[in-house]
Amino acid sequence: MEKRPFIIDCDTGTDDAIAILAALGSDAIRVRALTSVNGNVNENFTSRNNRDLVGYLGADVEVARGAKIPFYPRAGYYDATHGSEGLGDVTLPAAENVPFTKETAPELIRRIAEEEEGRLELLVVGPMTNIAIALSMYPELKEKIRHIWFMGGAALGGNMTPTAEFNIWVDPVAAKLVIASGIPMTMVGLDVTLKAALNREDEQEIRSFGNKGAVLAADILDYMIRRYADGGEDALMHDALAAAAAVCPQCLVCHDYFVDVECQGEYTAGHTMVDRRGRTGKKPNVSVAMELDAMALPQPKVLNFTSVMTWVLGSTLIYIRMMSPHLALPTSPMPSAFSILPTFRGFWKWSMTLSLYNAIVGSSLSNQMGPPARLQFVPHRGHLPQIR
């Protein structure tokens with residue numbers, strides 16, 4: 001199977017780095033380039049993090065610098081969530097042998113889109129400033145990008161304000177331009193990403209695999225877990241879930257809605273208006289992830305992950321709240337679990353990492369893989385089941 005070409009546009013913080021590690025380990029997609037944008041931390045740090053990740057892993061990936069400020073006049077939004085420089089308290093060796101491209105991020109996006117002749121897909125896991133600039137400079141690009149997968153927004157709620165999610169909140173003007181472009185796109189927002197978290201056992205198991213990618217992912221997770229213990233954000237895999245969606249879109253229950261972005265209002269700027277009831281009368285323009293669905297997945301034929309990073313990517317799909325906290329959950333082996341799936345209709349659907357076994361087989365990292373994952377349901381902080 002030919003790999004699908006991707007550019008990852010990112011404001012590389014902790015979960016962004018894990019998404020990059022996962023994507024680089026996938027045999028389903030080919031990462032052509034990383035482009036940096038201001039967001040979680042200053043672009044000086046996000047670009048350096050991208051370069052150092054590529055150098056550390058020895059990946060053949062171009063690295064371009066992007067927007068330092070958003071279109072929207074935001075200020076004072078950097079905090080300690082991702083540490084002062086984006087990777088928590090993890091420091092990578094400086095990859096001075098990995099040059100930034102002479103092209104800016106928008107210029108590189110245009111060039112690769114032309115080279116790929118309509119096959120290029122974008123994984124956008126930060127503010128959309130670079131994409132908006134590219135589309136403004138080169139309007140013909142919208143005909144050359146096959147699909148955009150973006151982490152951002154929410155049909156319900158927000159994490160920066162009661163109505164706005166961070167990536168869209170930082171630059172709602174850019175998001176509005178991109179979403180209105182007509183490019184096919186999938187929104188992986190807080191409606192699903194708040195259900196994806198990893199814990200200390202996950203960190204220890206990833207670390208036990210022992211290779212560079214696994215240890216780096218575990219070090220970042222360790223910071224995220226300590227952050228949560230100190231009262232900060234949980235080890236949520238927002239961006240890796242968007243990467244997983246790109247690999248295995250059937251894992252998500254998506255609905256086609258008309259989506260727009262509010263750019264005004266003291267309380268509403270950055271809100272993604274998702275017209276779930278068709279009140280605007282406008283044609284749907286975004287496939288919006290609302291749930292995670294195991295019913296749509298084929299029964300897996302392979303019961304071991306093919307790479308450490310596939311494991312990390314798949315792990316973002318394994319947490320889902322059930323409507324009944326008293327529901328008895330099955331344990332391994334998985335075939336018996338799949339045989340009783342119909343009994344769960346009407347409940348929140350399971351999210352199963354196992355779909356990725358079929359989607360990503362024979363990874364280039366297979367010679368570095370660790371032991372097979374243990375498949376067992378265990379409680380996660382009292383209400384979120386996970387597969388281990």
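Here, the structure is the one placed above.
Re the overall build of the protein
And step 1. Within the protein, the regular secondary structure consists of 13 helices and eleven strands.
And step 2. Residue burial in the protein is summarised as follows: out of 388 residues, 59% are buried.
And step 3. Contacts spanning at least 24 positions in sequence make up 81% of the contacts within the protein whose residues lie at least 6 apart.
And step 4. When the accessible surface of the protein is summed, it comes to about 15,500 Å², and 53% of that surface belongs to carbon and sulfur atoms.

Description of the pairing of strand E2 (residues 29–36)
It is a general feature of regular strands that their side chains alternate between the two faces of the sheet.
And step 1. For E2, the buried fraction is high: seven of the eight residues fall into the buried class.
And step 2. Strand direction decides the pairing type here: strand E1 (residues 4–10) and E2, joined by seven bridges, are parallel. When the bridges of E2 are listed, Cys 10 appears paired with Ser 36.
And step 3. Regarding the hand of the β-α-β motif, the stretch spanning E1, helix H1 (residues 14–24) and E2 is right-handed.
And step 4. With three bridges connecting them, E2 and strand E3 (residues 62–64) associate as parallel partners. Paired with Leu 34 across the bridge in E3 is Val 63.

With respect to the pairing of strand E7 (residues 252–261)
And step 1. Inspection of the sheet shows E7 paired to strand E9 (residues 286–292) by six bridges, in the antiparallel sense. What sits directly across from Cys 254, in E9, is Ala 289.
And step 2. Alignment of E7 against strand E8 (residues 272–275), held across four bridges, turns out to be antiparallel. Each bridged residue has a counterpart across the sheet, and for Val 261 the counterpart in E8 is Thr 272.

Thoughts on the nonpolar core
And step 1. Residues Ile 8, Leu 123, Leu 221, Met 224 and Met 237 are the most contacted members of the largest nonpolar core, which totals 55 residues.
And step 2. Sort the elements by how many residues they give to this core and helix H9 (residues 212–229) lands first, with nine residues.
And step 3. Setting aside anything within four residues of it in sequence, one finds Leu 221 in contact with Ile 18, Leu 198, Glu 203, Ile 206, Ala 235 and Met 237.
And step 4. Of all hydrophobic cores here, the second largest spans 36 residues; its members include Ala 64, Val 124, Ile 131 and Met 185.

Brief notes about the sheet that holds E2
And step 1. Spatially, nine strands are ordered E3-E2-E1-E4-E5-E6-E9-E7-E8 in an open sheet, and the strand pairing comes out mixed. Across the chains shown, the open sheet's two edge strands, defined by having one partner strand only, are E3 and E8. For this sheet, the mean inter-axis angle between neighbouring strands, taken without regard to orientation, is 30°.
And step 2. This element, helix H2 (residues 43–57), spans E1, E2 and E3 of the sheet and lies at about 150° to E2.

Looking at H1
And step 1. Most of H1 sits inside the fold, with ten of its eleven residues counted as buried.
And step 2. Three or more residues of H1 are buried, namely Thr 14, Asp 15, Asp 16, Ala 17, Ile 18, Ala 19, Ile 20, Leu 21, Ala 22 and Ala 23.

With respect to the pattern of salt bridges
And step 1. Inspection of the entire model under this criterion finds 25 salt bridges.
And step 2. Residue Glu 121 pairs with Arg 4 through a salt bridge whose shortest N-O separation is 2.8 Å. Of the two residues, Glu 121 sits in strand E4 (residues 120–124) while Arg 4 sits in strand E1, which places them 117 residues apart along the sequence.
And step 3. Among the ionic pairs, Glu 103 bridges to Arg 111, the shortest N-O distance being 2.7 Å.
And step 4. Judged by relative accessible area, Glu 103 falls into the partly exposed class, the value being 23%.
And step 5. The class for Arg 111 is partly exposed, based on a relative accessible area of 21%.

A look at the packing of aromatic side chains
And step 1. Inspection of the entire model under this criterion finds four aromatic pairs.
And step 2. Ring centres 6.3 Å apart and planes at 70° place the aromatic pair Tyr 77 and Phe 166 in the edge-to-face group. Taken together, the residues span a long stretch of sequence, with Tyr 77 in the loop between E3 and helix H3 (105–116) and Phe 166 in helix H5 (residues 166–170) at a distance of 89 residues.
And step 3. You can call Tyr 77 buried: its relative accessible area is 9%.
And step 4. With a relative accessible area of 11%, Phe 166 lands in the buried category.
And step 5. Here a set of aromatic residues connected by ring pairs shows up, and it is made of Tyr 77, Tyr 78, Phe 166 and Trp 169.
And step 6. Of note, Arg 74 hangs over the ring of Trp 169, and the distance from its end group to the ring centre comes to 3.9 Å.
And step 7. Against the face of Tyr 56 rests Lys 212, its NZ or CZ located 4.4 Å from the ring centre.

About the thresholds
Residues numbered from 1 in each chain as written. Predicted model: local features only at pLDDT ≥ 70, side-chain atom pairs only at ≥ 80, totals over all residues. Heavy atoms only, no water. Helix = DSSP H or I, 4+ residues; strand = E, 2+ residues; numbered from the N terminus. Buried < 20%, exposed > 50% of the residue type's maximum accessible area, 1.4 Å probe, protein only. Contact = heavy atoms within 4.5 Å. Areas by Shrake-Rupley, 256 points an atom, 1.4 Å probe, with all protein chains shown as cover. Pairing = 2+ DSSP bridges. Right-handed = clockwise from strand over helix to strand, strands pointing away. Core = buried A, V, L, I, M, F, W, Y, C linked by side-chain atoms within 4.5 Å. Axes fitted to C-alpha atoms, helices over the stretch in contact; angles between N-to-C directions. Salt bridge = Lys/Arg side-chain N within 4 Å of Asp/Glu carboxyl O. Phe/Tyr/Trp six-rings, centres within 6.5 Å; stacked < 30°, edge-to-face > 60°. Lys NZ or Arg CZ within 6 Å of the ring centre and 35° of its normal.

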